[in-house]
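Listed below are the residues making up each chain.
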Amino acid sequence: MKLKVLGCHGGELPSCRTTCFLLDEVLALDAGALTSSLSLEQLCKVDDILIGHSHFDHTKDLPLLADLVIGRREHPVTIHASRECARSLRNSMFNNELWPDFTRIPTRKAPVLRIKPFRAGSTFQIGPYTVQSVPVSHPVESCGFIITRGKTALAMSGDTGPTDRLWKALNQAKNLKALLVETSFPNALQQLADLSGHLTPRTLQSELAKFNRNGTEVLLYHLKPAFVSQLKRELAGLPVEILELGDSFEF
């Protein structure tokens, strides 16, 4: 599996893009930086988008993507979202008020986008990828994922505060090469992190103690732009790598 980092921050500035990863050029993990990172030709190759939860920084490029690729693809782009997230996308985004309903444009039978709900906690298939969804701790329904192709697996925490279910699933995963983990706020803002369902360096360290790592790379994302320098200081010494825009990996 080839992984490209399109967005790895918890907010947007000229030097920061919100959460978005690209697997093998065809599967996007969240949609916070698709249209700001990819050419039109590259966007047209993205067949599926896996969304962890409904918050804007993870879904914001979906409307613009639809507008860009209309008439350029033979088949709809499939958005895989948990049932609650799918309902939010339909009711609050593609509602013909905030944005046209591209799940019915240009026709209901041949739309630009297709929203395919999954039950949080279920395992399902996206092309050659087996996806295990794991509910995590966030104010809205949010999922982490274990994604397997052949004999290789990688995982993504999604937006979460301290949780147990994810680590139990990760400890049972086979051939896990990398884990993308959110870390958002510095330790001084622990109360805010707990309230909003995010991790700090302190809680990250506690969470990693639950993980039977076995050589898995731990890659951090979702750092809030206002606190990147402080977070890097507080994370120094932990056996993790902080992702940067443009990073790429092959597992």
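Residues numbered from 1 in each chain as written. Predicted model: local features only at pLDDT ≥ 70, side-chain atom pairs only at ≥ 80, totals over all residues. Heavy atoms only, no water.

**Overview of the nonpolar core**
Then, in step 1: Membership of the largest hydrophobic core comes to 29 residues, with the highest contact counts inside it found for Leu34, Ile49, Ile51, Leu62, Leu89 and Leu113.
Then, in step 2: If we skip the residues at most four places from it in the chain, Ile51 touches Asp30, Ala31, His58, Thr59, Leu62, Ile79, His80, Ala81, Cys85, Phe118 and Phe145.
Then, in step 3: In terms of nonpolar packing, the next biggest core, distinct from the first, is built from 27 residues, Met1, Leu3, Val5 and Tyr221 among them. (Core = buried A, V, L, I, M, F, W, Y, C linked by side-chain atoms within 4.5 Å. Buried < 20%, exposed > 50% of the residue type's maximum accessible area, 1.4 Å probe, protein only. Contact = heavy atoms within 4.5 Å.)

**Section: helix 4 (residues 83-93)**
An α-helical turn contains 3.6 residues, so any two residues separated by three or four positions project in the same direction.
Then, in step 1: Among all positions in helix 4, only Cys85, Ala86, Leu89 and Met93 are buried. Down the axis, helix 4 shows its buried residues gathered within 105° of arc, on one side only. Residues Arg83 and Asn91 are exposed on helix 4 and point more than 90 degrees away from its buried face.
Then, in step 2: Buried residues along helix 4 sit in contact with helix 2 (56-59), helix 3 (62-69), strand 5 (77-82) and strand 6 (113-118). (Helix = DSSP H or I, 4+ residues; strand = E, 2+ residues; numbered from the N terminus. Arc of directions from axis to C-beta.)

**So, the sheet that holds strand 13 (residues 241-242)**
Then, in step 1: In space, the 7 strands of this open sheet follow the order 7-8-9-10-11-12-13, with mixed pairing throughout. Both edges of this open sheet fall to strand 7 (123-126) and strand 13, since each of them pairs with a single strand only.
Then, in step 2: Looking at chain direction, strand 11 (residues 176-182) and strand 12 (residues 217-221) are connected through 5 bridges and run parallel. Within strand 12, the position partnered with Ala178 by the bridge is Glu217.
Then, in step 3: Strands strand 8 (129-135), strand 9 (143-149), strand 10 (152-156) and strand 11 of the sheet are contacted by helix 5 (residues 165-172), whose axis makes an angle of about 150° with strand 8. (Pairing = 2+ DSSP bridges. Axes fitted to C-alpha atoms, helices over the stretch in contact; angles between N-to-C directions.)

**Topic: unusual backbone geometry**
Then, in step 1: Residues Ile105 and Pro106 are joined by a peptide bond in cis, for which omega reads 5°.
Then, in step 2: Mapping Pro106 onto the fold places it in the loop between helix 4 and strand 6.
Then, in step 3: With a phi angle near 70°, Asp30 is a residue other than glycine that sits in the positive phi range.
Then, in step 4: Residue placement: Asp30 occurs in the loop between strand 3 (27-29) and helix 1 (40-45).
Then, in step 5: A residue is classified by how much of its surface remains accessible, and Asp30, at 2% relative accessible area, is buried.
Then, in step 6: Notably, Asn175 is not glycine yet its phi reads approximately 55°, a positive angle.

**Some points on helix 7 (residues 201-208)**
Then, in step 1: Residues of helix 7 that are buried include every one of Pro201, Thr203, Leu204, Glu207 and Leu208, and no others. Within helix 7, the buried residues cover an arc of 160° as seen down the axis, which keeps them to one side.
Then, in step 2: On its buried face, helix 7 sits against helix 5, strand 11, helix 6 (190-196), strand 12 and helix 8 (228-235).

**With respect to the sheet that holds strand 4 (residues 48-50)**
Then, in step 1: Strands sit in the order 6-5-4-3-2-1-14 across an open sheet of 7 strands; the sheet is mixed. The sheet is open, and its two borders are formed by strand 6 and strand 14 (248-250), each paired with just one other strand. Neighbour-to-neighbour, the strand axes of the sheet open up by a mean angle of 20°, direction not taken into account.
Then, in step 2: Two strands pair when backbone bridges link them, and strand 5 and strand 6 are joined in this way by 6 bridges, in the parallel orientation. Looking at the pairing, Thr78 lines up with Arg114 of strand 6.

**A look at the pattern of salt bridges**
A side chain with one charge can pair with a side chain of the opposite charge if their charged atoms come near.
Then, in step 1: Summed over all chains, the structure comprises 9 salt bridges.
Then, in step 2: We note a salt bridge from Lys232 to Glu244, for which the minimum N-O separation is 3.0 Å. Residue Lys232 is located in helix 8, and its partner Glu244 is located in the loop between strand 13 and strand 14; the two are separated by 12 residues in the primary sequence.
Then, in step 3: Residue Lys232 is classed as partly exposed on the basis of its relative accessible area, which comes to 35%.
Then, in step 4: Salt bridges here are not isolated pairs; linked through shared partners, they connect Glu12, Lys60 and Asp61. (Salt bridge = Lys/Arg side-chain N within 4 Å of Asp/Glu carboxyl O.)

**Let's talk about the packing of aromatic side chains**
Then, in step 1: Taken as a whole and judged by the stated rule, the model has 6 aromatic pairs.
Then, in step 2: When the ring of Phe118 is compared with that of Phe124, the centres are 4.6 Å apart and the planes differ by 25°; the resulting orientation is stacked. Like Phe118, the residue Phe124 is buried in the burial classification.
Then, in step 3: Note on Phe185 and Phe227: the rings are 6.3 Å apart at their centroids and 55° apart in plane angle, and the pair reads as tilted. In this pair, Phe185 sits in the loop between strand 11 and helix 6 while Phe227 sits in the loop between strand 12 and helix 8, placing the two residues 42 residues apart along the sequence.
Then, in step 4: Of the aromatic side chains, those joined through ring pairs into one cluster are Phe118, Phe124 and Phe145. (Phe/Tyr/Trp six-rings, centres within 6.5 Å; stacked < 30°, edge-to-face > 60°.)

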